[in-house]
Amino acid sequence: MVRGSAGGGGRDAGVDRRLRGASAAGRSAASAAGRSAAAANATQASAAKGAGAADGIAAASAGRRSVAGAADAATAAGSGGSGRLAEAMESGWNRRGGYSALWRSVEIWWFFLRLGFGELRLRRVTDEVVKGHRRRLLAARLKKGLLALGPTFIKLGQLLSTRIDVLPREYIEELVDLQDRVPGFSAADAIATVERELGQPLALLFDTFDEEPLAAASLGQVHRATLDGEALAVKVQRAGLRELFDVDLKNLRALAGLLDRIDPKTDGAQRNWLGIFEESAVLLYEEIDYTHEAANAERMRENFAGTPWVRIPSVLWERTSEAVLTMEFVQGVKINDYAAIEAMGVDRTLVARRAAQSFLTQLLRHGFFHDDCHPGNLHVDENGGLIYYDFGMCSSISPTVRQGFIDAIFAIYEGTPQDFCDGLAGMGILRPTADRLSVEKIGRYFISAFRSSMSAGNVRKSAEEKRAELTARLTAIGDELLAVGEDQPFVFPPVFTFVFRAFTTLEGVGKGLDPNYDLTLISAPYLRELVDLKDGSAALTVVKSGLKAVGWRPVDLAQTITAPRKVAYVERTLRRMEEGELRLRVRVLESERAFQRMRVVEGNMAVALVAATLCQLAVIYTTSSGGYVLRARALWVAAAFAAARLAAGLLKLRALDARLSRYTRKR
């Protein structure tokens, strides 16, 4: 720890300056040694990269084994092992930055395939004690693997660590360490980064600076410092992040393109995976620019200036750069540290409700929200207030999208499916050319169900009641659900990826705080308070609602005045239909599905005919004495391929029949 005195005599100050100078010199020497070692490692990595494909795979495998071995050593050795793990991880991540996308892909997919097969084998175990022990070992492998793969995958682990309703308990207990207990890097590297970025010796920048980090995350680590008696938190970025992101994002972009091609989109959503990737990549690169994070924090602080139970640390701009961020130090406990929250005497249910309300406020009122609010970035103070950290990933919603969302919410409460579809179109979710009749009928059904559930309260239903409800739903709107699934009228805007991510994170946190947590019920009364957002003020909304009820809105008056003109237009249209100038396009859903099944059957028949022909030719060439062995083998291979295509076609037909029988029940 580097200490400084805020006052004292001249002699003490002179001694203090000499001590600081000696300490700075020692740190500079350590930093230089560290840079020399890093340069040597980089040279070795470059040589390994140039040695060829086999050497590249071997280097990736060796790096993975070395990081895993370092993790085991750290677990056994305590704090000293943690330092060695940090150095091994930092060195391994720097080496991976020089890999090609191919070798990085080999490393990534090999790790996840091995993990997936391990989980599949584990599901065959019937003894719960043995299964729990083996799953804990598998979860430890997952955490070590994510740490070894680097910041991109640590972010993935942070998100999964909040999903107690998705992952088993053993995985959650391991992945929760990724929220703020990622092994840090050396203090010498951190100090060197601070001095390089801020352009001054550390002794002139801060009065005190703790060399032991408070917490380490995927992109950096936080040190506590003081300046003029004020406690500060100094966030220092890891080295080599941009190079590592360049490699990982190449693989993820290829995966997004593949998903765009193979995603069946049977739920009616036209997802743009490449668009989602592009927006995620922009946010990821923005996250490693700490000046952007500081601006996000200031904006969030201004937005919550009137909310006393939400605290946003202030930024010290003169001690901030692209790789160093200095903010006010605000003490709190993690929102999922339930024992600590109860020890402070804070109501857990209140905390869960405030977490949901704060996010809804960001989304609906501000149009600017924190989309990385895992428990490592969301703490609780002694008064039950929320403390937000890490503003590197924040997203904005355009006024048009926000207004469309508010209109959709009000349409749900007013029970108007047409206005609900207008709201979806305003958000960019419903395509303008979509068949709105089916969408409106589905919307009318679910709006009615939502209003019924809201009036009934939080009533838990049995399995039999849920099955009966599903049967009634399919009976009522089965045809429309099929039509939506085939037409794909919905578009998936990339920004909603982060909205859903934040909602799923809050859902996991809320269920941990309160077993009866229900985001829908929490948001319902809160959304009713947003009546002033629809038209700018509550009074104007009430006036417009009254005018709508009596039919005195400007649009109603305009329709009344222009009614004769519309009647004349209808008369002209009917006359043109009688004369044959216009043709009606009638959509018969039953015929469309029959033709769809016919196309699949015809395709299977054609493939079966080809397979039979190839088999006959193969038999002829095999039994002939002309020495046509190669031709016979080629025909058998082609026949086997055609048989596989036929099997796939039969499975497709079976799935189509099951889908049609499920959604088209007799009324």
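Residues numbered from 1 in each chain as written. Predicted model: local features only at pLDDT ≥ 70, side-chain atom pairs only at ≥ 80, totals over all residues. Heavy atoms only, no water.

Undergrad: Which parts of the structure should I look at to understand empty space enclosed by the protein?
TA: Counting across every chain of the model gives three cavities of 30 Å³ or more. Volume-wise, the largest cavity comes out at about 50 Å³. Elements supplying a minimum of two residues to the lining of the largest cavity: α14 (348-366), α15 (399-414) and α19 (495-513). Ranked by residue count, the leading element in the lining of the largest cavity is α15, at three residues. Of the residues belonging to the lining of the largest cavity, the class tally is seven nonpolar, no polar and one charged. (1 Å grid on protein atoms, 1.4 Å probe; cavity = no way out; pocket = protein on both sides within 12 Å on 5 of 7 lines; lining within 4 Å. Points joined across faces, edges and corners; volume = space filled by probe spheres on them. Helix = DSSP H or I, 4+ residues; strand = E, 2+ residues; numbered from the N terminus. Nonpolar A, V, L, I, M, F, W, Y, C, P; charged D, E, K, R; others polar.)

Undergrad: Can you walk me through the sheet that holds strand β10 (residues 378-380) in this structure?
TA: Each strand in a sheet pairs with its neighbour through backbone hydrogen bonds, running either in the same direction (parallel) or in the opposite one (antiparallel). Strand order in the open sheet made by the four strands is β6-β11-β10-β8, with mixed pairing throughout. Each having just a single partner strand, β6 (310-311) and β8 (333-334) make up the two edges of the open sheet. Judged from the three bridges that link them, β10 and strand β11 (residues 386-388) form a sheet pairing that is antiparallel. Residue pairing for β11: His 379 is matched across the bridge by Ile 387. Where α14 meets the sheet, it contacts β6, β10 and β11, and its direction lies at approximately 50 degrees from that of β11. (Pairing = 2+ DSSP bridges. Contact = heavy atoms within 4.5 Å. Axes fitted to C-alpha atoms, helices over the stretch in contact; angles between N-to-C directions.)

Undergrad: Explanation requested: unusual backbone geometry in the structure shown.
TA: In most cases, non-glycine residues show a negative phi, while peptide bonds are predominantly trans. A positive phi angle is found at Asp 228, which is not glycine, with a value near 55 degrees. Turning to its location among the elements, Asp 228 is positioned in the loop between β3 (220-227) and β4 (230-237). Phi at Asp 390 is positive, roughly 55 degrees, even though this residue is not glycine. Relative to the helices and strands, Asp 390 is located in the loop between β11 and β12 (394-396).

Undergrad: When you look at the packing of aromatic side chains in this model, what are you seeing that I'm missing?
TA: Each aromatic ring pair is described using two quantities: the centre-to-centre distance and the angle formed by the ring planes. In this structure the tally under the stated criterion is three aromatic pairs. Where Tyr 621 meets Tyr 628, the ring centres are 5.2 Å apart and the plane angle is 70 degrees; that geometry is what we call edge-to-face. Given a relative accessible area of 34%, Tyr 628 falls into the partly exposed group. Here the basic side chain of Arg 224 rests over the ring of Phe 329, its NZ or CZ set 4.1 Å away from the ring centre. The ring of Phe 368 is capped by Arg 299, whose NZ or CZ atom sits 4.0 Å from the centre of that ring. (Phe/Tyr/Trp six-rings, centres within 6.5 Å; stacked < 30°, edge-to-face > 60°. Buried < 20%, exposed > 50% of the residue type's maximum accessible area, 1.4 Å probe, protein only. Lys NZ or Arg CZ within 6 Å of the ring centre and 35° of its normal.)

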